[in-house]
Amino acid sequence: MIRLPLALAALLLCGPALAQSTWPDIQSALYGDAPVIAQSAQVTLDAPYRATDDARTVLGGHVTAPAGQRITVITLVIDENPAPVAAEFHLTQPQTEFAFSLTARLNGQTPLHLVALTDAGERHMAEAFLKTSGQGACAAPPGTDPVAALATLGDMELAFLPTITAPSKSANTRLATLAGKVHALDIDISHPSHSGLAMDQITLLFTPMRVVDDLTVSLDNRPYLTITGSISLSENPRLRVSIPSGTTAAEVSLRDTDGTKTSARTSLAAY
C-alpha cells in the first residue's frame, strides 16, 4: 500500500479550511511529479450526491483500460478523511475492465478521487464531490458492542453475483451490466474497524486502531487481487469486485492490523 507521510496525514487533520489544497498535497505524496490524466473517460467514480449514513456509505467505480493496455492498480481517495487513501486494488492478473464497490465511513463533506494505473504507466483519474450529514463518522463510537464483535472478528461470507449491483450513474457500468460483461464477487466481512479516533464513552480512553489491513483474492486457485484497507472502510465492511467470466471458485484471505488472519472460500455448484 502507498502510505501518506505522517506530516501530510497531520496536515489533513487540520480541518475543512484546507479542503481546496488537500488533493494537490495528496497527489504529490502519492505520485510525485508523475502525470495524472484528469477527468479521464476511462474512469467513472460512483457516489451519491449526499451520504445519508456517514458511517456506511457505498462508493464504487468502473475502469476501462485504453486500447492495448491493462489495469494494474486502482486507488480510491477520500480527500478529507484522516486516512485519505481509503482502499487500493492491486490486480495480480491485470484486467482490461474492472469495477468495484465498498462501504466507507466519512469524516465530513469531501472531494473524492479514483486513480487507475495501467501496465503502460498511465494514470487515469475521475473526481467527484460528496456532501454528508455531518456526523463525523471516523471518530464516532462503534455501532456494535466491541467485546461482542471480537467473537466473530474476521468471519467472511462470500457470494458470486451476476453483476456489480451498487447504484451507478455510470453509462459504462450500466452498459456493462446489461451486456452481462461484469461479474462480481461479494465479500461481507465481520470486523469492528476501529479507527483509533473513537473515545470509549465510559473510560474516556481512545479505542486502539484495528482495521482490515489487506484482503487477498484468489480465483480458481490463482492469485487475482489484493485489496489494502484503511480506517476509511466502514465497520463490518462489504466489498464487491468484478471477476472474469467463467470463474468457478474464489478464496479470500484476510489479515488485520493486529495480525489476525482468516479465510473463506466459495464455489459454484458442482465445483
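Residues numbered from 1 in each chain as written. Predicted model: local features only at pLDDT ≥ 70, side-chain atom pairs only at ≥ 80, totals over all residues. Heavy atoms only, no water.

Colleague: Could you give an account of the side chain of threonine 266, with specific residues and numbers?
Modeller: For threonine 266, the location among the structural elements is in strand β14 (residues 261-267). By relative accessible area, which is 16% here, threonine 266 ends up buried. (Helix = DSSP H or I, 4+ residues; strand = E, 2+ residues; numbered from the N terminus. Buried < 20%, exposed > 50% of the residue type's maximum accessible area, 1.4 Å probe, protein only.)

Colleague: Residue-level account of the pattern of salt bridges, with values.
Modeller: According to the stated counting rule, one finds seven salt bridges in the structure shown. The closest approach of N and O atoms between aspartate 256 and arginine 210, which form a salt bridge, is 2.8 Å. Separated by 46 residues along the polypeptide, aspartate 256 in strand β13 (residues 249-256) and arginine 210 in the loop between β9 (183-189) and β10 (212-219) bring together distant segments of the chain. Note on aspartate 256: relative accessible area 2%, which makes it buried. For arginine 210, a relative accessible area of 16% corresponds to the buried category. Among the salt bridges present, the one from arginine 255 reaches aspartate 213, with a minimum N-O distance of 3.5 Å. With arginine 255 in strand β13 and aspartate 213 in strand β10, this pair connects stretches of sequence that are 42 residues apart. In this structure aspartate 213 comes out as buried when scored by relative accessible area, which is 15%. Overlapping salt bridges bring together Asp186, Arg238 and Arg240 as one network. (Salt bridge = Lys/Arg side-chain N within 4 Å of Asp/Glu carboxyl O.)

Colleague: Report on the environment of isoleucine 189, specifying residues and quantitative values.
Modeller: Along the polypeptide, isoleucine 189 turns up in strand β9. With 49 residues separating them in the primary sequence, isoleucine 189 and arginine 238 have C-alpha atoms 6.0 Å apart. Once residues within four sequence positions are removed from consideration, isoleucine 189 is found in contact with Asp155, Met156, Val212, Leu215, Asn236, Pro237, Leu239 and Leu254. (Contact = heavy atoms within 4.5 Å.)

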